[in-house]
Amino acid sequence: MRKPLIAGNWKLHKTINEAKDLAKTLCTKLADVHNTDIVLAPSFTAISAVAEICQESTIKVGGQNCFPEPQGAFTGEVSAAQLNDAGCTYVILGHSERRQLFGEDDAFINAKIHAVLRAGMSAILCVGETLEQREQGDLFEVLGAQVRNGLKDVNDTQMEHVVIAYEPIWAIGTGKTASSDDAAEVHAYIRGLLQGVFSPAVAQNTRIIYGGSVKPDNISELMAQADIDGALVGGASLNAADFAAIANFPRPLHMADTHR
Ligand code: 13P
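Cut-off values and rules
- Residues numbered from 1 in each chain as written.
- Predicted model: local features only at pLDDT ≥ 70, side-chain atom pairs only at ≥ 80, totals over all residues.
- Heavy atoms only, no water.
- Axes fitted to C-alpha atoms, helices over the stretch in contact; angles between N-to-C directions.
- Helix = DSSP H or I, 4+ residues; strand = E, 2+ residues; numbered from the N terminus.
- Parallel < 35°, antiparallel > 145°, perpendicular 65-115°, else oblique.
- Left-handed = near helix turned anticlockwise from the far one by under 90°.
- Contact = heavy atoms within 4.5 Å.
- Nonpolar A, V, L, I, M, F, W, Y, C, P; charged D, E, K, R; others polar.
- Near = heavy atom within 4 Å.
- Polar contact = N/O pair within 3.5 Å; in protein donor to acceptor, adjacent residues only side chain to side chain.
- Areas by Shrake-Rupley, 256 points an atom, 1.4 Å probe, with all protein chains shown as cover.
- 1 Å grid on protein atoms, 1.4 Å probe; cavity = no way out; pocket = protein on both sides within 12 Å on 5 of 7 lines; lining within 4 Å.
- Sits in = over half its atoms within 2 Å of the grid points.
- Pairing = 2+ DSSP bridges.
- Salt bridge = Lys/Arg side-chain N within 4 Å of Asp/Glu carboxyl O.
- Buried < 20%, exposed > 50% of the residue type's maximum accessible area, 1.4 Å probe, protein only.
- Phe/Tyr/Trp six-rings, centres within 6.5 Å; stacked < 30°, edge-to-face > 60°.
- Lys NZ or Arg CZ within 6 Å of the ring centre and 35° of its normal.

K.L.:
Help me understand the packing of helix α5 (residues 106–118) against helix α7 (residues 139–150) in this model?
P.N.:
Two numbers describe a pair of packed helices, the interaxial angle and the distance between the axes. Orientation of α5 relative to α7, taken along the N-to-C sense of each, is 40°, at an axis distance of 8 Å. Comparing their axes, α7 and α5 come out oblique. Note that α5 runs across α7; the crossing there is right-handed. For the pair α5 and α7, contact is made by D106, N110 and I113 and by A145, Q146, N149 and G150, respectively. Classifying every residue of the contact of α5 with α7 by side-chain character gives two nonpolar, four polar and one charged.

K.L.:
Looking at this structure, how should I read the packing of α7 against helix α8 (residues 180–197)?
P.N.:
Where α7 contacts α8, the two axes come as close as 11 Å, and the packing angle between them is 45°. When the interaxial angle is binned, α7 and α8 end up oblique. Here α7 runs over α8; the crossing is right-handed. Where α7 abuts α8, its residues L139, F140, L143, G144, V147 and R148 lie against E185, V186, Y189, I190, L193, L194 and V197. For the contact of α7 with α8, the residue count by class is 10 nonpolar, one polar and two charged.

K.L.:
Help me understand the site of the ligand, please; the structure alone is not making it clear to me.
P.N.:
Neighbouring the ligand are N9, K11, H95, E167, A171, I172, G173, G212, S213, L232, G234 and G235. Separating an oxygen atom of the ligand from a side-chain N or O atom of N9 is a distance of 3.0 Å. A distance of 2.9 Å separates an oxygen atom of the ligand from a polar side-chain atom of E167. Contact with the protein chains hides 96% of the accessible area of the ligand, taken as 310 Å² for the molecule alone. Under a 2 Å grid-point criterion requiring more than half of the atoms, the pocket assigned to the ligand is the second largest pocket.

K.L.:
Mind showing me how you'd approach the sheet that holds strand β3 (residues 60–63) here?
P.N.:
Two strands in a sheet stick together by hydrogen bonds in their backbones, pointing the same way (parallel) or opposite ways (antiparallel). Pairing is parallel in the closed barrel, where eight strands are placed in the order β1-β2-β3-β4-β5-β6-β7-β8. Averaged over all pairs of adjacent strands, the angle between their axes in this sheet comes to 25°, without regard to strand direction. Across two bridges, the pairing between β3 and strand β4 (residues 90–93) is parallel. From the neighbouring strand, G62 faces β4, where its bridge partner is Y90.

K.L.:
Is there a simple way to think about the pattern of salt bridges in this case?
P.N.:
As a working rule, side chains carrying opposite charge can pair if their charged atoms are close by. Overall, the coordinates contain 13 salt bridges when judged by the stated rule. For R98, the salt bridge is made with E104, and the minimal N-O distance between the two is 2.9 Å. The exposure class assigned to R98 is partly exposed, which follows from its relative accessible area of 22%. One salt bridge in this structure joins D106 and R99, with 2.8 Å as the shortest N-O distance. A network of salt bridges, in which partner residues are shared, links R2, R191, D227 and D229.

K.L.:
Just checking my understanding: could you explain the pairing of strand β5 (residues 122–127) for this structure?
P.N.:
Here β5 lies mainly inside the structure; six of its six residues are buried. Burial of the side chains of β5 extends over both faces: S122, I124 and C126 are buried on one face and A123, L125 and V127 on the other. Relative to β5, β4 is paired through four bridges, and the arrangement is parallel. If you follow L93 over to β5, its bridge partner there is L125. Pairing analysis gives five bridges linking β5 to strand β6 (residues 162–166), with the strands arranged parallel. Within β6, the position partnered with C126 by the bridge is A165.

K.L.:
Hey, could you run me through the packing of aromatic side chains in this one?
P.N.:
How two aromatic rings sit relative to each other is given by the distance of their centres and the angle of their planes. This structure, assessed with the given rule, holds four aromatic pairs. Ring plane angle 70° and centroid distance 6.1 Å describe the contact between F67 and F108, whose orientation is recorded as edge-to-face. With F67 in the loop between β3 and α3 (80–86) and F108 in helix α5, this residue pair connects regions lying 41 residues apart in the sequence. A residue is classified by how much of its surface remains accessible, and F67, at 14% relative accessible area, is buried. One aromatic cluster is present, built from ring pairs that chain together F67, F74 and F108. When the ring centre of F102 is taken as origin, the NZ or CZ atom of R98, which lies over that ring, is 4.1 Å away.

Here's what the structure looks like:
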């Protein structure tokens, strides 16, 4: 069974002190949540402070990006091992903002995935289509390429440390959520794809989470879908009450006592 995962992507928000305040409040509010993995992904500058606060809790810390090389003359970049050293156990990779604003392609993202896995952390691979691609009927082709190329040369054992986040670009920060049926269709497609590329066991065990305007009032409907294993939350993760409400989503019947 797949343990649900709720991750907060804080993007380019919060000073160190603001991040510490939010992390402290969340550690208190989420102290009783044991059957869901919770990940906070602050800006690089706040990672070690947030990790220190979360140390005594079950909350894990993630990076929002990393560079594939372990070290060298790469001004402004941060390595997977440095993120791990700062307290991260997860790294978000291939976010659509990285793909669109910084020109990251699947091959570059794939190199980062391998770097994160080599550093002993888990990777959250983001995939998602633009509205134009969806309207042109290219949805599955686009997602298929992002998943296959992003996970190139990743083996079945390593897949235990990979989470896929489906984030339709048109739903990010827009207040538009994919309907739970639309999201469920895509999640089922991705699971089917994993079965072909890897194995039925990998398809069954890999967590596929949804992102794009996830809020306290739509999380239950999303989580009620059999193939949706959690959420990658942007805007609503900056507010303690909202993120806590999302992380405390009412568990649907099919998730009773899931542990992993
Ligand atoms: P919003 O929740 O603000 O739409 O952002 C989603 C996202 O990009 C998370 O990575």
